[in-house]
Amino acid sequence: MSIFNTGKSFLKQTKVVPVFYTITDDYAKYAAASISSLMRNSNKKRFYRVIIMYDKLKLRNRWRLRNMVSKNVAIEFHKMKYNLYMQIIMRYSAKRSGSADFYARPVYYYRAFIPRIFFQYDKGIYIDSDTILKDDVGKLYDIELGENAVAARVDPKVQAVPDFVNYVEKALGISANDYVNSGVLLMDLKKLRKLHYMTQMTDLIKKDADLVAPDQDYLNVILKGQIMHLAPEWNLQPEGEDGKGAKLLHFNLSKKPWHFDDVNCSEDFWQAAKGTGFYGDLMREKEQYTEEQAAEDAEKIRALIEKAAKLAKGKKIFE
Ligand SMILES: [Mn+2]
């Protein structure tokens with residue numbers, strides 16, 4: 001066992017709620033706020049295991065995250081191995097680095113490895129780092145998946161933009177009423193193993209298709225018809241949505257509380273960030289975020305919408 005494990009392996013795997021984050025050094029500070037909020041809202045009678053998957057992560061960041069460990073929430077790290085799947089993903093991501101390809105970093109695909117790497121679990125939760133828990137994540141874990149492979153929320157950002165709707169319906173062949181956001185996933189790991197999800201994904205990646213939101217597009221295409229729709233409260237997106245009744249806030253796409261002042265529900269983020277060793281880093285990031293960067297980020301979204309519009313006019317991508 002590495003010194004970065006917390007020594008809580010005595011916890012029975014079946015009783016633990018496993019929650020996965022996938023991060024790089026630049027995400028560590030956001031993940032810290034999310035994990036802090038997860039702890040604060042956890043059921044003190046239950047045990048949770050936060051598993052942070054990474055490729056490269058500074059020792060300093062690992063220490064600071066590990067130090068957040070609490071009585072009922074263990075924190076563990078898993079370093080990604082450069083196996084064949086990882087190589088395929090890294091090669092694919094390296095090729096795509098245009099302004100509209102900011103969803104093409106390898107870290108976005110790590111969630112697909114969860115069923116393959118963590119055989120000890122039959123069920124697990126994946127959460128994006130740009131999130132804040134407002135309720136017990138154990139309640140999300142307890143939702144019955146039935147015959148479905150995953151549960152996720154229908155993507156409100158797609159439904160709000162006609163070019164995205166056209167893209168998912170024409171280019172991917174999925175109704176916008178079914179296309180889900182992959183930022184919060186309740187996964188039936190047993191089922192995903194049985195479906196060879198990772199292999200299916202890398203087989204599609206090998207086709208080298210140009211997509212709008214690769215990891216999310218692959219998930220929707222591969223698991224079509226096997227995705228349960230999660231209540232919006234479990235992936236409430238404060239940009240354009242009222243935060244009332246939220247169980248999980250997801251600062252999806254452009255409006256990040258660590259960049260802007262006027263972000264709905266940003267007080268929830270800063271409150272959670274305060275309890276972590278990353279508060280100063282987050283404050284600094286906000287101070288240093290320039291108008292040029294804001295313009296650049298807005299341009300990325302614009303380019304993404306433009307790309308969606310273009311791809312919607314072409315053939316269906318996966319036949
Ligand atoms: Mn996100």
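Structure shown above.
Please read all numbers here as calculations on a predicted model, not as lab measurements. (Residues numbered from 1 in each chain as written. Predicted model: local features only at pLDDT ≥ 70, side-chain atom pairs only at ≥ 80, totals over all residues.)

Draft legend 1. Summary view of the overall build of the chain. For the chain, the count of helices and strands is 13 helices and 9 strands. In terms of principal-axis extent, the alpha carbons of the chain reach across some 55 × 45 × 35 Å. Burial analysis of the chain (319 residues in total) assigns 41% to the buried set. Pairs at least 24 residues apart make up 80% of the contacts formed inside the chain by residues separated by at least 6 positions. (Helix = DSSP H or I, 4+ residues; strand = E, 2+ residues; numbered from the N terminus. Buried ≥ 20, exposed ≤ 12 C-beta atoms within 10 Å, placed from the backbone. Contact = placed C-beta atoms within 7 Å.)

Draft legend 2. Quick look at the environment of leucine 230. Note on placement: leucine 230 falls in the loop between β8 (227-229) and β9 (248-250). By C-beta crowding, leucine 230 is classed as buried, having 22 other C-beta atoms within 10 Å. Residues within four places of leucine 230 in sequence aside, it is in contact with Ala151, Ala152, Arg153, Val184, Leu186 and Asn235.

Draft legend 3. Quick peek at the packing of helix α9 (residues 197-205) against helix α10 (residues 214-222). Following both chains from N to C, one finds α9 and α10 inclined at 115°, their axes separated by 10 Å at the closest point. Every pair of crossing elements has a handedness; the one defined by α9 and α10 is right-handed. Where α9 approaches α10, its residues Tyr197, Gln200, Met201 and Leu204 are matched on the opposing element by Tyr218, Val221 and Ile222. Among the residues forming the contact of α9 with α10, the class breakdown is 6 nonpolar, 1 polar and no charged. (Axes fitted to C-alpha atoms, helices over the stretch in contact; angles between N-to-C directions. Left-handed = near helix turned anticlockwise from the far one by under 90°. Nonpolar A, V, L, I, M, F, W, Y, C, P; charged D, E, K, R; others polar.)

Draft legend 4. Geometry of the packing of helix α7 (residues 162-171) against helix α13 (residues 291-313). At a minimum axis distance of 8 Å, the contact between α7 and α13 shows a crossing angle of 35°. Regarding α7 and α13, the two cross each other, and that crossing is left-handed. Side by side, α7 and α13 meet where Asp163, Phe164, Asn166, Tyr167, Lys170 and Ala171 of the first sit next to Ile305, Ala308, Ala309, Leu311 and Ala312 of the second. Across the contact of α7 with α13, the residue classes break down as 8 nonpolar, 1 polar and 2 charged.

Draft legend 5. Local environment of the sheet that holds strand β2 (residues 47-54). Judged by pairing direction, the sheet is mixed, and its 7 strands sit side by side in the order β3-β2-β1-β4-β7-β6-β8 without closing on themselves. One side of each edge strand has no neighbouring strand; the edge strands of this open sheet are β3 (73-79) and β8. Along the sheet, successive strands turn relative to each other by an average axial angle of 25°, direction set aside. Inspection of the sheet shows strand β4 (residues 123-127) paired to strand β7 (residues 184-188) by 5 bridges, in the antiparallel sense. Residue pairing across strands places isoleucine 127 opposite valine 184, the latter belonging to β7. Helix-sheet contacts for helix α1 (residues 28-40) involve β1 (16-23), β2, β3 and β4, and the interaxial angle to β1 is about 165°. (Pairing = 2+ DSSP bridges.)

Draft legend 6. Expanded view of unusual backbone geometry. Despite not being glycine, aspartate 208 has its phi angle at roughly 60°, a positive value. Tracing the backbone through its elements, the reader meets aspartate 208 in the loop between α9 and α10.

Draft legend 7. Spotlight on the nonpolar core. If you look at the biggest cluster of nonpolar residues, it comprises 90 residues, and the most contacted ones within it are Val19, Ala31, Val50, Ile52 and Ile125. The greatest single-element share of this core, amounting to 8 residues, is contributed by α1. Among residues more than four places away in sequence, those in contact with alanine 31 are Tyr21, Ile23, Ile52 and Ser129. (Core = buried A, V, L, I, M, F, W, Y, C linked by C-beta atoms within 7 Å.)

Draft legend 8. Seen up close, the pairing of β4. Here β4 lies mainly inside the structure; 4 of its 5 residues are buried. Inspection of the sheet shows β1 paired to β4 by 2 bridges, in the parallel sense. From the neighbouring strand, valine 19 faces β4, where its bridge partner is isoleucine 125.

Draft legend 9. Region of the structure containing α7. For α7, the set of buried residues is Phe164, Tyr167, Val168 and Ala171. The buried residues of α7 occupy an angular sector of 105° when the element is viewed end-on, so they sit on one face. Taken together, the buried residues of α7 touch α6 (156-160) and α13. Remark: glycine 173 follows α7 within two positions and exhibits a positive phi of approximately 75°. (Arc of directions from axis to C-beta.)

Draft legend 10. Highlighting the environment of aspartate 217. Following the sequence through the fold, aspartate 217 ends up in helix α10. Between the C-alpha atoms of aspartate 217 and serine 182, which are 35 residues apart in sequence, the distance is 8.9 Å.

Draft legend 11. Region of the structure containing the pairing of β7. For β7, the tally of buried residues reaches 5 of 5 residues, placing the bulk of the element in the interior. Bridge analysis of strand β6 (residues 150-152) against β7 gives 2 bridges, and the strand direction is antiparallel. Residue pairing for β7: valine 150 is matched across the bridge by methionine 187.

Draft legend 12. Summary view of the environment of isoleucine 205. Mapped onto the fold, isoleucine 205 is located in helix α9. When the C-alpha atoms of isoleucine 205 and aspartate 215 are compared, they prove to be 9.5 Å apart, with 10 residues separating the residues in sequence. Each residue touching isoleucine 205, except ones within four places of it in the same chain, is listed here: Ile88, Ile89 and Tyr92.

Purely geometric stuff here, so don't read any function into it on its own.
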